[in-house]
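Structural features, examined
Each chain, written out:
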Amino acid sequence: MAAGAAAQAPERKTFELSLVDGKVAAGPGTVRVRRHDEVELRWSSDRRIVLHLHGYDIERTVAPGAPAAMAFKADIAGRFPVTEHAHGVARHHRAVLYLEVRP
Amino acid sequence: MLCAASPAAGHGFGQRFDLPLPLPLWIAGAGATIVLTFAAVAFFARSRSASAGYPRVVLLRRAPAAWIAAVRIAAVALFVLTLCAGFFGAQDPYRNLAVTMVWVIWWVGLAFVCALVGDLWALANPLAALHAWAGSPSLGLAYPERLGAWPAVALFFAFAWMELVWPANDVPAYLACAMLAYATLAWAGMALYGRDAWLKNAEAFSLAFGVLARLAPLRWNGRELELRPPGAGLAAAEPVPVPVLAFVLLMLASVSFDGFLETPLMERVFLVAIRLGFEDAQLVATAALAAFALGFLAAFWLASWAMVRAAGGGPTVREAACAFVLTLVPIAVAYHLAHYFSLLLTAGQFIIPLGSDPFGFGWDLFGTARYRVDLGIVSPYVFWYGAVTLIVAGHVIAVLAAHGTALRVFGGRRRALASQIPMVALMVAYTMLSLWILAQPIVG
């Protein structure tokens, strides 16, 4: 299995994600990358929103006219939701996006 | 702090980041299940012997009293510490010991120990230990036998609802309140009817961990500690009473429902319910949990009916159902292990920093408070192959246990073999449900 992972060199992958009322306007609800890829999620939104990528634990505030990017090396394999962050005792929110990092 | 935002719906606490099973692996698992089922049936068709017992090795001939006392003291200390953390500690679920202790270490971790080693809860139960230390107060009323284990069924449904539906199950103080309420009820019950009657009929966790421990290799049989092959205790088991049958099926349903809650199909159920005017997700999830339990009951009753028909009579449908229900347990345990072993190894790591700072007050008792959880500890390959192996192995143990039970219940090899067609079909369907859930992307 290590050989299979090594055969594919890490790539740089960028995703443009534009939110309309907290939902990804176009494109799939899941983005897939391979482990060790350099990933950049570029967010724009029609309203102010705090986004949290679970697992990698990255938080960004996105607002109209103020896009933000999450850039990281995808070293942990798994399926990670991006959710809208709420304050206080956080409650269940539908994920905005899923990031799948495949081995 | 890692994943400090809302945990997803589903299990009480701790988030699973597992990738879905890849399609080829899912197909391989399903294929192996069917092939091994046929192989097992073919093997039975040739074998002649039907032994009621199982091979065993006696490890201890008397209870090690000092060790048992030590285990109970530790369990009571952890129980009190967890309650105190819940009531008086910081209310952030990731900084308070209570949430990780209850949902990850106790409910998931202890279930693993009971299924794979032996019934540790029966030994350590802090509610029973505290009652005993208080001098075993009891009014000695006769437990109403007509009730049987139905109180445990009701309490387990309430617990499953708390685990899977209750939105506040990760608020430390609420969790501590629930623990204290349950403990008070248990102590009141023990004071009314005596400890043994309450533990046997109404203490939901004694029943739940006891059911899991039927699979375990270690067993205290009252006089000695014995070692036996995993699953051997299932075929040799006596038929259970009807309320225990209901309890086992409810437990199996809640285990599968836990995974089902996070599938895209359940998400669609929520969306359809909203379109129909049922906006309250909790209500929909509660109804779905109840429907799952009733569905399991209906499917199992149907299979039991078909089993009696196929064997050409003998026991009644109810007797057959009560004799066979425990043979499904390995499939549920295998699913539970597959579903949770990565969670136990990732979310379980929270216990390392929490051990040094159980109240979230900023202490560092053992110098581990700054430990950061390593999510990469379980590779997806380990998860995928481990999960499929567990599920296929659980299925095989279940098929073997069911055959052993059939020989005992129906007598005669030919009738036992015929009776197993519907039961094995149900088991294959149940195993396929487990594999299907694991192949779904986690949403929610």
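Everything that follows concerns the structure shown earlier in this document.
Attention in this report is confined to the structure presented alongside it. Since the structure is predicted, the reported quantities are computational estimates derived from the model, not experimental observations.

All names here are of chain B. At a minimum axis separation of 10 Å, helix α14 (residues 317–324) and helix α17 (residues 380–410) run at an interaxial angle of 140°. Taken together, α14 and α17 sit at an angle that is classed as oblique. For the element pair α14 and α17, the recorded crossing hand is right-handed. Contact residues: Ala320, Ala323 and Phe324 in α14; Ala402, Thr405 and Val409 in α17. Here the contact of α14 with α17 is composed, by residue class, of five nonpolar, one polar and no charged.

All names here are of chain B. Spatial ordering of the open sheet is given by β1-β3-β2, a layout of three strands whose pairing is antiparallel. What marks the edges here is a single partner per strand, and that holds for β1 (57–60) and β2 (218–220). Across this sheet, the average inter-strand angle for adjacent strands is 35°, counted without regard to direction. Pairing geometry for β2 and strand β3 (residues 225–227), over three bridges, is antiparallel. Of the residues in β3, the one forming a bridge with Leu218 is Leu227.

A few words now on α17 of chain B. Residues and elements named next belong to chain B. Taking 1.5 Å per residue as the helical rise, α17 with its 31 residues ought to reach 45 Å, and the 44 Å between its terminal C-alpha atoms agrees with that figure. Within α17, 24 of the 31 residues are buried, leaving the element largely enclosed by the surrounding structure. Of the residues one or two after α17, Gly411 is the one with positive phi, at around 60°.

On to the nonpolar core. Phe156, Leu212, Phe247, Val248, Leu249, Leu250 and Val325 of chain B are the most contacted members of the largest nonpolar core, which totals 132 residues. Ignoring anything within four residues of it in the chain, the contact list for Phe156 of chain B reads Ala204, Ala208, Phe247, Leu250 and Met251 of chain B. Counting 19 residues, the second largest nonpolar core, distinct from the first, contains Leu53, Ala77, Leu97 and Leu99 of chain A.

The next thing to look at is the pairing of strand β4 (residues 38–45) of chain A. Residues and elements named next belong to chain A. By the alternation rule, side chains of β4 split into Val39, Leu41, Trp43 and Ser45, which are all buried, and Glu38, Glu40, Arg42 and Ser44, of which none is buried. As paired elements, strand β1 (residues 12–20) and β4 share eight bridges and run parallel to each other. Note that in β4 the partner of Glu16 across the bridge is Arg42. Taken together, the six bridges between β4 and strand β7 (residues 68–73) define a ladder with antiparallel strand orientation. Residue Glu38 lies in a different strand from β7, and its bridge partner there is Lys73.

Conventions used here
- Residues numbered from 1 in each chain as written.
- Chains lettered and ligands numbered in written order.
- Predicted model: local features only at pLDDT ≥ 70, side-chain atom pairs only at ≥ 80, totals over all residues.
- Axes fitted to C-alpha atoms, helices over the stretch in contact; angles between N-to-C directions.
- Helix = DSSP H or I, 4+ residues; strand = E, 2+ residues; numbered from the N terminus.
- Parallel < 35°, antiparallel > 145°, perpendicular 65-115°, else oblique.
- Left-handed = near helix turned anticlockwise from the far one by under 90°.
- Contact = placed C-beta atoms within 7 Å.
- Nonpolar A, V, L, I, M, F, W, Y, C, P; charged D, E, K, R; others polar.
- Pairing = 2+ DSSP bridges.
- Expected span 1.5 Å × (residues − 1).
- Buried ≥ 20, exposed ≤ 12 C-beta atoms within 10 Å, placed from the backbone.
- Core = buried A, V, L, I, M, F, W, Y, C linked by C-beta atoms within 7 Å.

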